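Topology and contacts: notes
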Amino acid sequence: MIFIQSTILVSLFALCSALSIDFVRAFLHLKQSKNALFFLCTLQDVSNLFISTNDDNISARFINLAGLNSKDPTSFLPHNSYAITTCIFDYSCTNSLQVLQAFSSLRYFNTTYSWLFLADNNSRTDVNHILGKLMSVQMNSDITVAEPVPESNGTSFELVDIYAKGRHLCRDVYRTVYGRWSYEGGLEMVANYRRYYVRGNFNGLQVRGTTVIDQDNVTSQDVDRILSVPGTEQGIVSFVKYHYALLVMLRDYHNFGVKYRVTRGWAGRLKSGYRLGLLGILARNEADIAATAIFQRINRHAEFDIIHQSWEFSAGFIYRITPQLSGATGGGNFFTPFEDSVWIASLITLTAILVILKFSVFIIFKSTSNEPNTSLISYLVDIVGTVSQQGIAGRVSARMPIRIILFSLLTLNLVLFNYYTSSVVGGLLSSPGKGPQTIREIIDSPLKLAFRDIGYHKILFRETQVPIIRELYEKKVQPSREGKHTIPVYTDVITAVPYLQRGGYAFHCEMTEAFQDIADQFDANEICELRTVIRACSALFNRVFFPLSLRYTEHINLLLQTTGLFNDLRLMSFVVPKRSMYTEMFRITMMRLQEIGLIKRTLKIHRIEKPICQSGGRVLPVEVSGVSTAFAVLGVGMFLSTMIMLLEKLHWNYMMKRQYRNFLN
């Protein structure tokens, strides 16, 4: 606060009677200002007197309006203000309108600065004429006009709040008296005056909106009818309807209408650099609010302001797992319970036991005649029988080293066999397996793929350069399906759900769009067999629309082919154009709607959760694919035994002929 001596007060009134020092001090105290800029018609020695009386808490600067015609206003009002700044402006000066218009063109009438307009009591300047020429007076402007009370001789002022609900929409400037100052009573505010509520009623103002609807021949009059219908529709994703519901709450709360501009995509760019889609409309400031959400990429923050975030976008494949899919992830492989390293370690261990057995028996046979010299094949048969829990073929040796080796083999077999059988039995008695979980597994699986008939899927396959995605497109999407009774490549949720129920199909969409229809048509067991691939598909989607630098390409491709762990969760933002006059007010309104629970209620209506598995344990029948490896081992064994038998027969015939020739000789 600026403290001014009475001598300065006399000098100031001699220069400009409207600048009552006590009134200015009270106004600065009301705004809690730390910086004060005085724009006066003439300074003479007043500025020096004011500067000499500034205390340590407020920085004051005095500008002569007569010398501002050829000067850049940014030299006085920088865009970055690190403290609360109040500008006291004498609008009765000769060139005050030109200076204010320069400030207006640079959008200085916003919440960054507080403005106080005063004039000489004898001035005939019409403040309404000046305000009508300032096009940047906005909803978030902090402008106060001090109007002298008639017949008060400059001893009493009314504080008039100045704002506009949309100068770009040809709306007038609004005036509201919110306080009064007088020498006798000081500063008196209007009871219960709150700027948010006073300015919050738009009085039927029609603002410009934009939304994304991927349908033909949609006009502004059709938007409310299309987006207000519950359920899924062709060309409209769930989060568009959710954010439209938020816009309806804003519209009803602030009493305004919306004239929509419909686009079929969120973003895009021509070779000339012209921005397309919803993002281009916002960047060119051709809309006041978006009736949908958009991803908040870092390079987009300069093009819109965020007023609310609550929608988590998760797109991916939905499919029902069936026994045929077990082979797609190794679920039907006879060797699945153990990893390759365990099988290799077991094979090396059994080989070592075989060698040790034969070596031990050979040493014992050399030292005593009571131990038979058993062949290596016999010990191999004993080891296979022990591992298969069928016992050994012959009598167990009485020698302690041999028995210790066999007991060790039995203990090893007990541990491994328990782990193996528990994994197999547990898999049969529990719910079905995970199924394909990555893009690579989806490509290798027998699943037929379909995609939600929305523009971003077609853009995805048209513009992507990622090899794994191109392979997915060439193997699963591009092959013709004409004349086949199968799901189309691009379809809607209603068409896709019966195919998902049948099994063998996977549908790519935003998860919440299909869950309601799935809950209505699937039974309890089928819901338990429902599987989703969110992370891999989000990586697939985000790699196209959120490209990183080229040095990350190989790393991303590796993630896509293995685990798919790549940004599987993305918040979507409810936005308005950058530096919009409605940003602060809409943020406050959305926060209050969230506090009273309307946001949560609306989100629960539009964001359907995945149906809960409520059936008990279900054992699926084991199909040929589940035991194919076992039959393969049996077949290989039978083939080898047959070949060995034939070789032995040939060898026996050869030996008999040789003995017969020797006998003849």
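Structure's up top.
A brief look at the structure comes next. Only a predicted model underlies this, so the values are computations on that prediction, with no experimental measurement involved. (Residues numbered from 1 in each chain as written. Predicted model: local features only at pLDDT ≥ 70, side-chain atom pairs only at ≥ 80, totals over all residues. Heavy atoms only, no water.)

Counting secondary structure elements, the protein chain contains 23 helices and 19 strands. Every one of the 665 residues in the protein chain was classed for burial, and the buried ones make up 44%. For the protein chain, the share of sequence-separated contacts (at least 6 apart) that also reach a separation of at least 24 residues comes to 74%. Of the roughly 34,900 Å² of accessible surface on the protein chain, 56% is carried by carbon and sulfur atoms. (Helix = DSSP H or I, 4+ residues; strand = E, 2+ residues; numbered from the N terminus. Buried < 20%, exposed > 50% of the residue type's maximum accessible area, 1.4 Å probe, protein only. Contact = heavy atoms within 4.5 Å. Areas by Shrake-Rupley, 256 points an atom, 1.4 Å probe, with all protein chains shown as cover.)

In total, this model carries 2 cavities of 30 Å³ or more according to the counting rule given. When its volume is computed, the largest cavity comes out at roughly 40 Å³. Lining the largest cavity, in full, are Val 212, Asp 214, Gly 235, Ile 236, Val 237, Val 240, Arg 264, Trp 266, Ile 454 and Gly 455. Volume-wise, the second largest cavity comes out at about 30 Å³. What lines the second largest cavity is simply Val 207, Phe 256, Asp 288, Ile 289, Tyr 582 and Phe 586. Among the residues making up the lining of the second largest cavity, the classes are represented as 5 nonpolar, no polar and 1 charged. (1 Å grid on protein atoms, 1.4 Å probe; cavity = no way out; pocket = protein on both sides within 12 Å on 5 of 7 lines; lining within 4 Å. Points joined across faces, edges and corners; volume = space filled by probe spheres on them. Nonpolar A, V, L, I, M, F, W, Y, C, P; charged D, E, K, R; others polar.)

Take helix H16 (residues 493–502) next. Note on helix geometry: an α-helix contains 3.6 residues per turn, so any two residues three or four positions apart are oriented the same way. Buried within H16 we find Val 493, Ala 496, Val 497, Tyr 499 and Leu 500. Taken together, the buried residues of H16 touch strand E14 (315–320), strand E15 (448–452), strand E16 (490–491), strand E17 (505–510) and helix H17 (511–521). Positioned one or two residues after H16, Gly 503 has a phi angle of 95°, which is positive.

Let us look at the pairing of strand E19 (residues 570–577). The element E19 is largely enclosed, with a buried count of 6 among its 8 residues. Note that strand E12 (residues 293–295) and E19 share 3 bridges and pair antiparallel. Paired with Phe 295 across the two strands is Met 572, which belongs to E19. Sheet topology places strand E13 (residues 304–313) next to E19; 8 bridges connect them, and they run antiparallel. Looking across to E19, one finds that Phe 304 is bridged to Pro 577. (Pairing = 2+ DSSP bridges.)

Counted under the stated rule, the structure contains 22 salt bridges. Between Lys 31 and Asp 142 there is a salt bridge, with the nearest N and O atoms lying 3.0 Å from each other. Of the two residues, Lys 31 is situated in helix H2 (residues 21–31) and Asp 142 in the loop between helix H5 (127–132) and strand E5 (143–148); the sequence distance between them amounts to 111 residues. Residue classification places Lys 31 among the buried positions, given a relative accessible area of 16%. Here Asp 288 ties to Arg 208 by a salt bridge, and the two come within 3.1 Å at their closest N and O atoms. You can see Asp 288 sitting in the loop between helix H9 (277–283) and strand E11 (289–290) and its partner Arg 208 sitting in strand E9 (residues 205–212), a full 80 residues away along the chain. Connected through salt bridges with shared partners, the residues Lys 31, Asp 142, Asp 161, Arg 195 and Arg 199 form a single ionic network. (Salt bridge = Lys/Arg side-chain N within 4 Å of Asp/Glu carboxyl O.)

What follows concerns the state of the cysteines. Counted under the stated rule, the structure contains 2 disulfides. A disulfide bridge connects Cys 41 with Cys 93, and the sulfur atoms are separated by 1.8 Å. One disulfide, between Cys 41 and Cys 93, carries an S-S torsion of -100° and so falls in the left-handed class. Here Cys 93 lies in the loop between strand E3 (85–90) and helix H4 (96–105) and Cys 41 lies in the loop between strand E1 (35–40) and helix H3 (46–52), a separation of 52 residues in the sequence. Among the residues examined, Cys 41 registers a relative accessible area of 29% and is labelled partly exposed. Two residues, Cys 528 and Cys 613, share a disulfide whose sulfurs are 1.7 Å apart. One quick way to see it: the torsion about the S-S bond of Cys 528 and Cys 613 is about 95°, and its sign makes the bridge right-handed. Placement of Cys 528 in helix H18 (residues 524–528) and of Cys 613 in the loop between helix H22 (598–606) and helix H23 (628–664) is noted, with a sequence separation of 85 residues between them. On the accessibility criterion, Cys 528 (10% relative accessible area) is buried. (Disulfide = S-S within 2.5 Å.)

Moving on, we get to the side chain of Asp 161. Relative to the helices and strands, Asp 161 is located in strand E6 (residues 156–164). The class of Asp 161 is buried, set by a relative accessible area of 0%. At 2.7 Å, the side chain of Asp 161 forms a polar contact with the side chain of Tyr 193. Excluding anything up to four places from it in sequence, Asp 161 contacts Ile 143, Tyr 174, Arg 175, Thr 176, Tyr 178, Tyr 193, Arg 195 and Arg 199. (Polar contact = N/O pair within 3.5 Å; in protein donor to acceptor, adjacent residues only side chain to side chain.)

Strand order in the open sheet made by the 3 strands is E12-E19-E13, with antiparallel pairing throughout. Either end of the sheet is taken by a strand with one partner, and the two such strands are E12 and E13. This sheet shows a mean twist of 45° between the axes of neighbouring strands, independent of strand direction. (Axes fitted to C-alpha atoms, helices over the stretch in contact; angles between N-to-C directions.)

The subject of this paragraph is the sheet that holds E11. In spatial order, the strands read E10-E9-E11; together these 3 strands make up an open sheet with parallel pairing. Only two strands of the sheet have a single partner each, and these edge strands are strand E10 (256–263) and E11. Pairing analysis gives 8 bridges linking E9 to E10, with the strands arranged parallel. Within the sheet, the bridge partner assigned to Thr 210 lies in E10 and is Arg 261. Against the sheet, helix H8 (residues 238–254) engages E9, E10 and E11, with an angle of about 155° to E10.

All right, on to the packing of aromatic side chains then. If you walk through the whole model with that rule in mind, you get 30 aromatic pairs. Relative to Trp 181, the ring of Phe 157 has its centre 6.0 Å away and its plane inclined at 35°; by these criteria the two rings are tilted. Here the residue Phe 157 occupies a position in strand E6, and Trp 181 occupies one in strand E7 (residues 173–182), the gap between them amounting to 24 residues. Accessibility assignment for this pair places Phe 157 and Trp 181 in one class, buried. (Phe/Tyr/Trp six-rings, centres within 6.5 Å; stacked < 30°, edge-to-face > 60°.)

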